[in-house]
Structure formats: structure tokens, C-alpha cells
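# Examining the three-dimensional arrangement
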Amino acid sequence: MSIEVRGITRSFGAFKALDNVSLRINDGELVALLGPSGSGKTTLLRVIAGLDQPDPDCGGQILFNDENVQNLPARKRQVGFVFQHYALFRHMTVFDNIAFGLRVKPRNQRPPEAQIRAKVKELLALIQLENLENRYPAQLSGGQRQRVALARALAIEPKVLLLDEPFGALDARVRQDLRRWLRRLHDELHITSVFVTHDQEEAMEVADRIVIMNAGRIEQDGPPDEVFHHPANEFVVNFLGNVNLFRGRVESGVAVIGPWTLSQTGLALTDGQEARLFVRPHELDVRATPDGRPALTAVIQRIQTAGPLAKLEVLTVDGQNVFVEMPHERFRELNVRQGDTVFVSLKDARVFVEDYVI
Amino acid sequence: MNMPVSETSRGKVSRLKATGDPSWVRAVCIGLTLGFIALMLLLPMIVVFTEAFRKGLHVYLAAITEADARAAIRLTLLAAGIAVPLNTLFGLAAGWCIARFRFPGRNFLTAMIDLPFSVSPVVAGLLFVLLFGSGGLLAAAARWAGIQVLFAVPGIVLATMFVTLPFVARELIALIQEQGDEEEMAAMVLGANGLQTFWRVTLPNIRWGLLYGMILCNARAMGEFGAVSVVSGHIRGVTNTLPLHVEILFNEYNFAASFAAASLLTVLALVTLVIKTLIEWREQYKTSTDVLES
């Protein structure tokens, strides 16, 4: 089932948690809503589920399969919702938790108890917790609770699965496993899914599409690859991980930033504008001797080689700290140590000018 | 599960060492506390029972089964039987709306619920006398409805309800607030309607707190003296509750009968205490396992 949100605003007093947000999620997609806390991503998820209502005067619409569901209460929207802290019924066993959605169906739609049992068993197998059906939530680990919450949501065969920070409360190792498991599960069930996260790595790894939110608005919406390699604006660049920022000016139609002159920016440049250059640590090149390319001269402050990449922190002659990352082979080739002077040049970068509207 | 337990015991040992008071200080503290409890609580309780049985089991049984005593017991049970369910209903409603909704007057309502605790019961009784006495605000209404309120059962029930109003509500407000509304939201998204959510999710989660509040409410309802005394009129066999019955017998120097009736109230108190402790113990056990597991 497709989900569409059109022109939704949700305010809490003067604060706009959602500011005229429009978004379409196609049937069978797995979409991540990514943003810092307070960006409105959870509010958007709750509005879709019917747990929160948009401002009545915003004139927005929420459509499931192009049908307006705005006046449908949460219990009639047939969505599966997984809460950040699982919200399992603490006085019920795992089995009863999963069976809940089937047992509260109106009498004429409720499957017979034997069928409910079979369905719960099937879901228990899916989440690989067959032997724990009689446990109470308090007797489960975080990861197990999360899977029970997911099974409970899936029991009613929802048309849409919504997950609020599904891995937020788990430790790193369990999180990794569950992410992959969720991705596989989605590939099996093809249920339209939206999950909220503030972890860009998680979004990149799991989602087909990433919607980046900030201050109640959508900053960018696209596949992980596109969002990472072609960030739409400064916020996205900044949010998607470490970046180095260099400042400069537009002169004679080109951006002049430090030793670099950039003409092919794809932006309309006006002389005198401030220009800002964003470069990710792996998009910088370091050499021990100048090779004729425009480069910054800098001194190595710190070298960190524990990890998949070698990380260098260098201090430029202007007193700016710059971070560079490179593969270990390249680092060994370079053969430098702390205190050495190096030359930093650009492999790739993106420029934003002063009045570029975010 | 074993490890955290041993950790706590280790914690205890180090705490004892850290506050290593000399042993005589400890002896004096413990001695004072126990002595005080023995003198103020245990001794009076023993007196109640020895006085009650002083003239033998036969007199004791006669004292609690004679007509006036039976009428007093019946009235006490009736007053509690009306006040407790109604205050439970009120407590559920108040607990729910104060914990879950933000509305104008919410803080005022929260403060008002505690009023019966801060007002002297005698004042509460007088309040009803003023309301329903001749020329009172509600006297005409009561007369129109043909209900005799003062010096009759309705007055006693009203006074009892007034003083026991806060018990359930206070217990539930804190509990519902602490539990949050995520489980109810989960139930709603899973298709449950309001009634199903309440019966299957909300009520099971608050049942121990609710029972706790009801037990305390009941103990107070059966033991209330001051407010009921003012509105009752002390008509033997008609408007005497058990506590009032105790007083009347005592004033008549009928000590054995008086203490026999008092012993019933004491037994009620002891039963209440046992149930209360059981609930507290259960809750503590539950939260401690919750902490251990998470």
C-alpha cells in the first residue's frame, strides 16, 4: 500500500514540529526518516499512524492507496506500529502479546482460537523465539523485546509497518544483527515500511530511500547513494557525518577558497558572495611533497590508525583543523609521522554560496 | 539474577562500614525505636484484646452479637459498601483524567483531591450539618426529594465518602502517570476500542495500585469517627456505626463490651495491614525483577 502525506503541519504552541510536509512512499518501499532529535520525524510517523493529528486548519491530507484516511482513528488504519521502547503489554506473556491484535477484533472478523494459535506460532518462528512464548516482557532481553513488538505488529497483517527508532535502545552489536534481520524480513514480506532513525549509518544500510528532515521540513529525499554523494544542501552534508568546512569568496565568477579556485560548482555565482566549501575527510588527498596541484600546507597533529581507515588530523598554516581519512595502504605509502609538514589537496568537494536557500 | 543480588549484599556491607557508628549508638537507636513502638502500638493493642476477653469468651460473643452491635456492624458495612465502590469509581476517573489530560483547572483539581486529608473530620461533619441542616443550602433539595440526610444513613454515607475520597485517586494518579500511555497507544493501533483497551491493558496494569487504594479506603471508611459522629445523631441501633458504638459503650462504663467492639476494628486494621504489606511486597518484587532484567 502506498502512503502519501500532503501539506501536513503540526504545531505544539508556537513550535512547528511539522511544517507543510509532503511525502509519497510507494507500495513495498522501505523508507528511513532521518534527522536530528526534534526534527519532526517521529511526529510525522505518528501522524501517519493516527496517533497524532495534524493541525486542523493546515488543509493537509494523509492518503493510504490514494484514499484519504485522515478521519480514520488509529485503530481502523490497519498499521503496524513498533514503539521506540516496545510498549509491550507487561502483564501478558509473549504469546498473549502477539495474539492481542487478533483477539480484539470484532466478533465477526475474529479468527477462531485455533487459528490465532497457529498464526502466533508462525510469527514466533519468524522472530526465532519459539521457546519463549510463556515469558513475560520483563524476562526478555532488549533485542528479544524488539522482535516480539515487531511480531505483535505483524500479527494483524498490516498494510503498512511503521517503526519508531526501532534499534535506538539496543547495544551496538544487537543493533547490527537486527538491522540486517529487518532488511531481510522486508525483502521477504514486501510490506511498505517507514522507520525513524537519527543514525545515518543505520538509514544507509537498511533503507531503499532516505528522507532527511530538519526543523519540521524535508531537506532531501532520495536513495542512500544519492543522498550521500549528492547532498542537496549544507544541512545534509553536515548531518551525514564529519566534514571539513573552508570559507572563501566568489571572485570573477569563480569561487576562490584558500588555494583552490572552483568554477564548475553548478551554482549561479555572483562576485563578492561568501562561498563555503564542504569536503568529507576521505575526499582530501595528502602528499608529503608538493606535486604542483593547489594544496594547503599543514602540520600533522594526530594520527589514528586503529580502525578501517587511517585518520589524520592536520593543522593548516591559517590555524584551521582539518580531518583527512585514507586507506591504510595509502597511509603506509605516504610514510609520515606526527609533526611532519604535508600538502592537502582536493579530490572532491561541494560548494555552497552565501544566499543559497536551504 | 544471582549476580545483581550478590552485588546488593556487597553494597550493604560497605555501607555499614562507611557509616560505622559505635555499637552503643546503634543499640540506643534500635532500643528507642522498638521501645516506642511497643509502648505506643503493641501495648494498646494487647490491652484491647485482654480487656475484650476479660470477662470471658461468652461475654465477648454476647457483646458483639447483641442487637445494637449487629446494627452498628451492619451500618458500618453499608457505609463502607457504598463509599468504597463510589470512591473507586471516582478515583479511576480522576486518576485517568489528571494523569492523561491537560485541561484548565487540572492543578486545582489535584489540590482539591487532597482536601479531605487536610481538613479535620469534625469540620467535614459540620460542613454537612450546615449544608443539610435547617436553612442549609441543600436542605430544600433534600426535603423535596423526601430524603432525611442528617441523623440518618445518607448523612453517614456522605460523611464517610468525603473523608475517604482521596485514597484511590491519589494512588492511581501517580501510578498512571508513571506508566505512561504507550501501552494504550499500542493497543489502539492493534485495533482495540476504548473499552477493550481499558479492560485488557489499563486495568491489569493498575490493578495492584487500585486494590491498595481500595484497602486503605475501606479501612478508613470503617474506622471513621469524627465526621460520622457529627452527622449521625447517635441513635442506637439506627445511626450508630461501629466506632460510635465503641464510644457509647465506653461512656456507659461497659468496658468489656466496648473493647469487644473495638477488637473487631483492630482485627480489621490488622487484616488491612497484612493485605497492604502483601501488595507492597509484590510490587517491590516486581519492580526489582524489572530492574534486574533490563
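Predicted model, so just to flag it, every value in this text is computed and none were measured.

## A short note on the overall build of chain B
The secondary structure content of chain B amounts to 15 helices and zero strands. In terms of overall size, chain B is more extended than a compact globule, its C-alpha atoms giving a radius of gyration of 24 Å where 294 residues would be expected to give roughly 19 Å. Summarising its shape, the C-alpha atoms of chain B cover approximately 65 × 60 × 30 Å along the three principal directions. When each of the 294 residues of chain B is scored for burial, the buried share is 31%. Restricting the contact set of chain B to residue pairs at least 6 apart, pairs at least 24 apart contribute 76%.

## Here's the deal with helix α11 (residues 182-189) of chain B
Residues and elements named next belong to chain B. Burial analysis of α11 places seven of its eight residues in the buried class, which makes it a mostly covered element. Along α11, the residues classified as buried are E183, E184, M185, A186, A187, M188 and V189. Where α11 terminates, the next one or two residues include G191, which has phi positive at roughly 105°.

## Things to note about the domain arrangement of chain B
Residue and element names in this part refer to chain B. By the assigned domains, chain B splits into domain 1 (20-53) and domain 2 (55-293). When each unit is reduced to the centre of its C-alpha atoms, the spacing between domain 1 and domain 2 is 30 Å. Across the boundary between the two partners, domain 1 contributes six residues, which contact ten residues of domain 2. Partitioned by chemical class, the residues of the side of domain 1 that touches domain 2 number five nonpolar, no polar and one charged.

## A closer look at the sheet that holds strand β10 (residues 217-222) of chain A
Residues and elements named next belong to chain A. Here we have six strands laid out as an open sheet, ordered β6-β7-β8-β3-β9-β10, and mixed in their pairing. Both outer strands of the open sheet, β6 (79-82) and β10, are each paired with one neighbouring strand and no more. Between one strand axis and the next, the sheet turns through 15° on average, direction left out of account. Of the pairings in the sheet, the one linking strand β9 (residues 209-214) to β10 comprises five bridges and is antiparallel in character. Counterpart to V211 in the pairing with β10 is D221. Running at roughly 170° to β6, helix α4 (residues 142-155) makes contact with β6 and β7 (160-164) of the sheet.

The rules behind the values
- Residues numbered from 1 in each chain as written.
- Chains lettered and ligands numbered in written order.
- Predicted model: local features only at pLDDT ≥ 70, side-chain atom pairs only at ≥ 80, totals over all residues.
- Helix = DSSP H or I, 4+ residues; strand = E, 2+ residues; numbered from the N terminus.
- Rg over C-alpha atoms; globule rule 2.2 N^0.38 Å.
- Buried ≥ 20, exposed ≤ 12 C-beta atoms within 10 Å, placed from the backbone.
- Contact = placed C-beta atoms within 7 Å.
- Domains from an automatic or database assignment.
- Nonpolar A, V, L, I, M, F, W, Y, C, P; charged D, E, K, R; others polar.
- Pairing = 2+ DSSP bridges.
- Axes fitted to C-alpha atoms, helices over the stretch in contact; angles between N-to-C directions.

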